[in-house]
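Each chain, letter by letter, is given below.
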Amino acid sequence: MEKLIINVPERKSTLVKQILLGLGVTIQGASVAAENHYKEKLAGVSVWSDDELKAFDKTNEAFNNLNTEEW
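Residues numbered from 1 in each chain as written. Predicted model: local features only at pLDDT ≥ 70, side-chain atom pairs only at ≥ 80, totals over all residues. Heavy atoms only, no water.

Turning to the overall build of the chain, a few remarks are in order. A count of helical and extended segments in the chain gives 3 helices and 0 strands. For the chain, the α and β elements follow one another from N to C terminus as α-α-α. Taken against the 2.2 N^0.38 rule, which gives 11 Å for 71 residues, the C-alpha radius of gyration of the chain at 26 Å runs more than 25% over that of a compact globule. Along the three orthogonal principal directions, the C-alpha set of the chain runs to about 75 × 35 × 30 Å. With 71 residues in all, the chain has 1% of them scored as buried. Carbon and sulfur atoms form 56% of the exposed surface of the chain, whose accessible area is close to 7,600 Å². (Helix = DSSP H or I, 4+ residues; strand = E, 2+ residues; numbered from the N terminus. Rg over C-alpha atoms; globule rule 2.2 N^0.38 Å. Buried < 20%, exposed > 50% of the residue type's maximum accessible area, 1.4 Å probe, protein only. Areas by Shrake-Rupley, 256 points an atom, 1.4 Å probe, with all protein chains shown as cover.)

Right, dumping it as structure tokens:
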């Protein structure tokens, strides 16, 4: 069986559900557990400190200070 997620306009929701149920489709509500899983993953995203970002600034300055070779 294939799982599909579809977005249906509010005013058409009842009609679409009736048609799908008539075709034997199982309709599940929005999963709160899945939503909480995403929140947990987002909470685990690391944040870089200013000291860590300074390395990028130094590299950028060094790159901008490069001179082209004369032929």
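Residues Leu15, Ile19, Leu21, Leu23, Val25 and Ile27 make up a contiguous nonpolar surface patch of roughly 560 Å² in combined accessible area. Structurally, Leu23 can be placed in the loop between helix H1 (13-22) and helix H2 (32-43). (Patch = residues over 30% accessible without salt bridge, like charges linked within 9 Å, V, L, I, M, F, W, Y side chains within 5 Å. Salt bridge = Lys/Arg side-chain N within 4 Å of Asp/Glu carboxyl O.)

Turning to the packing of aromatic side chains, a few remarks are in order. Under the counting rule described, the total for this entry stands at 1 aromatic pair. Taken together, a centroid distance of 5.3 Å and an interplanar angle of 15° make the contact between Trp48 and Phe56 stacked. What makes Trp48 partly exposed here is its relative accessible area of 48%. (Phe/Tyr/Trp six-rings, centres within 6.5 Å; stacked < 30°, edge-to-face > 60°.)

On to the environment of Leu15. Counting through the fold element by element, Leu15 comes out in helix H1. For Leu15, a relative accessible area of 45% corresponds to the partly exposed category. Along the primary structure Leu15 and Asn67 are separated by 52 residues, whereas in three dimensions their C-alpha atoms are 67 Å apart.

Moving on to the confidence of the model for the chain. In this model, the chain carries an average pLDDT of 84, and 90% of its residues clear a pLDDT of 70 or more. For the chain, the element scoring lowest by mean pLDDT is H2, at 75; H1 scores highest, at 91. (pLDDT = per-residue confidence, 0-100.)

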